[in-house]
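Structural overview
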Amino acid sequence: MDTMAIGGWRDPAFEQALWASISGDVPWEVVTRFATLVRESGTAEEREAFTYLADRLSAWGVPHTLHEPVCLISLPRGAALRVLGRKPEDVVAKTPSFSAPTGDGWLEGQVAYVPTGFAADITQIFGPGAGVPAQVRGRIALTEGYPMPGKVLDFMRAGVLGAVFISPGERIHEGICTSIWGSPDLDSVDRKPTIPVVAISRPDGERLKALVLSRRRPPRFAIQTRLEERWRPIPLLVAEIRGRDAPEEFCLVHGHVDSWHVGVGDNAVGDATLLELARVFWAHRDGLRRTLRVAWWSGHSHGRYAGSTWYADTFGLDLAAWCVAQVNCDSPGCRDASAFEKVMWMSEAEELARGSVEDATGLPASGTRPLRAGDYSFNNIGLTGFYMLLSEIPEAEKTRRGLYAVGGCGGNIEWHAEDDMLPVADRANLIRDIKVYATGLSRALNAPLHPFDFRKTANEILATLRRYEAGAGGRLDLSAPVREAAGLRGDLDDFYRAAELLAARPLTDPDVRRFNRQQRALARVLVRINYTREGLFRHDPAVEVPALPDLADAPRLGAVPEGSPEYYVLSTHLLRGRNRVTWALRDARRILRGEA
């Protein structure tokens, strides 16, 4: 085995057999059927979609379980915005899930314009808030962008009465504004939105912004929001195809069934992909060494990933012990999505994920760090993850068309809107993307050695530490974690060099099993310090998490006055973060020595 290419393991004959079995018929039937169903979480039409999937699995004989957890779900049921004055004007508006309801009443207040700008890319869509000036307290804020959790949380903390968001285009996109990941617990329930929130179109927003800026005395708005919010049962469907050699080890591939409107591009195409993967791998189950779990979630759109979070909570011990990788499937196979330019993968999975795209499609692929989005509900357990969104409209073509940033549908701006219908899907692109998923999964399932290279993770961590130390301007000593990260990088060279002797052995060989346990243990440590702030089996808020988040505020330390209260708060925070990161890196080195 070339130790620089542990992620390059392939079984060409098996992959060719998988590719030959992929048909466009089954997935396209799913897409066209789901294009007739409004699949709100926990509703009858969503249940119809789950029944359709389960019936197909039953017809093929694929073992599966339908779970029905009770989760907190918020379904928007109407919104209104009124500009008050001698001649009141009504403006078309929508409210996101988990906005505070006004019911039949209205919230009134003076308006303050808060410029936060539109997202330039998907990272900014899910990013933290932009900060809110203190003078908006007690007013209704008018601002740009989607009503996403980071901005809404900022407005709540600033004491605004309510918020009006200006969409980036003529469509008013649906969304969810809570920062609570999954259903709330005692640690997160206080972050539940306490203000009514609405979104309006770009033309209406620009007109109202001009009105606000032209007035010496701020105009008054009135907001009305109606939502159906309660704890309710939602369906979760999980198919399991057992492996022959190490059935307790498994990969989890997953996506959401619930949608905004009929949601073809987000995510009927993903549901179709998952069903075809279940059919094809079931047909080739005799060739699987490990187990494949295929999961369809509810509660993604209306519960902030409530379904996948429930699964992570309920089966957390099993996932921590045996899950090789989690693979997300959202918005594949969409119209004009001909590029793989910003595919999400964790560093250790880069070679596997990139190679699977390029080998299955013949197209180049480049990657980016996975967002805190897309049912990545398993970071706090420490699972290696790859993929989320996959193919997209090429960036140059988006620019040429003047498309703004969206969070799915292959970059098509019908995302989270009424017209995310059948024309958003592309049958040929869907078949191509199913091949990508089948390829990546077959390699993760069948490679004797888990095909992840944590040297790339160590390199990422080392580069991040050096960047943060430089940003702190000499005020933060990160020599201890830098030393441990560099030592880990060297230890990993020895670890993968020794693995050369294992490459030709069967998966059941005790030394191979030991190597794989160590690989999983490395993920449990390194994923958690690189993607989470909260503890094991907890869930970070639904806002973007920077690399090594415990130390991400280091550049702020370099910018504040030395000796100020903020300086001491930051110093205390970063000292604790340095301890956590250093200890985790030492843990990783102990794992490689067989001491943990």
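Every chain begins its residue count from 1, and numbering advances along the sequence as written. For this predicted model, a pLDDT threshold of at least 70 governs which residues receive local features, and a threshold of 80 or more governs which side-chain atom pairs are given and counted, while totals over whole chains, interfaces and linings are taken from all residues. Note: side-chain values were computed over all heavy atoms of the structure, leaving out hydrogens and water.

A look at the overall build of the chain
Formally: By the criteria applied, helices consist of DSSP H or I runs no shorter than four residues and strands consist of E runs no shorter than two, each listed in order from the N terminus. In this treatment the radius of gyration is a C-alpha quantity, and the globule benchmark scales as 2.2 Å times the residue count to the 0.38 power. Any two residues whose heavy atoms approach within 4.5 Å are treated as being in contact. Charged residues are defined narrowly, with Lys and Arg counted positive, Asp and Glu counted negative, and His plus the chain ends left uncounted. All charge positions are set by atom: Lys at NZ, Arg at CZ, Asp at CG, Glu at CD.
A count of helices and strands for the chain gives 17 helices and 15 strands. For the chain, whose C-alpha radius of gyration is 24 Å, the value lies close to the compact-globule estimate of 25 Å for 596 residues. Principal-axis analysis of the C-alpha atoms gives the chain an extent of 80 × 65 × 45 Å. Counting contacts in the chain only where the partners sit at least 6 residues apart, residues at least 24 apart contribute 82% of the total. Positive and negative side-chain charges of the chain, numbering 72 and 76 respectively, have mean locations separated by a distance of 4 Å.

Section: the side chain of H67
Defined as follows: In this scheme, a residue with accessible area under 20% of its type's maximum is buried, one over 50% is exposed, and one in between is partly exposed, where area comes from a 1.4 Å probe on protein chains only.
If you trace the backbone, H67 turns up in strand β1 (residues 64-67). Residue classification places H67 among the buried positions, given a relative accessible area of 16%. In contact with H67, not counting residues within four places along its chain, are I234, P235, L236, V238, W310 and F315.

Details of the sheet that holds strand β5 (residues 140-144)
Heads up, the rule is: For two strands to be treated as a pair, DSSP must find at least two bridges joining them. Note on geometry: axes are C-alpha line fits, over the in-contact stretch for helices, and angles between N-to-C directions span 0 to 180 degrees.
Read from one edge of the open sheet, seven strands run β3-β2-β8-β4-β5-β6-β7, paired in mixed fashion. Taken across any chain shown, the strands that pair with only one partner, and hence form the sheet edges, are β3 (89-91) and β7 (197-200). Pairs of neighbouring strands in the sheet enclose a mean axial angle of 35°, with direction left out of account.

Thoughts on helix α13 (residues 454-471)
Heads up, the condition is: Working rule for helices: expected span equals 1.5 Å times residues minus one.
The end-to-end C-alpha distance of α13, which contains 18 residues, comes to 25 Å, matching closely the 26 Å that a straight helix rising 1.5 Å per residue would cover. Those residues of α13 that fall on the buried side of the exposure criterion are F454, R455, T457, A458, E460, I461, L462, T464, L465 and Y468. Elements in contact with the buried residues of α13: α14 (479-498), α15 (510-531), α16 (554-557) and α17 (565-592). Looking one or two residues beyond α13, the residue adopting positive phi is G473, at roughly 60°.

Describing unusual backbone geometry
Look at the link from D266 to N267: it is a cis peptide, with omega at 25°. Along the polypeptide, N267 turns up in helix α7 (residues 264-283). With phi around 70°, F98 is a residue other than glycine that occupies positive phi space. Tracing the sequence through the fold places F98 in the loop between β3 and β4 (107-113). For S331, which is not a glycine, the phi torsion comes out positive at approximately 65°. Within the secondary structure, S331 is located in the loop between β12 (323-328) and β13 (340-344).

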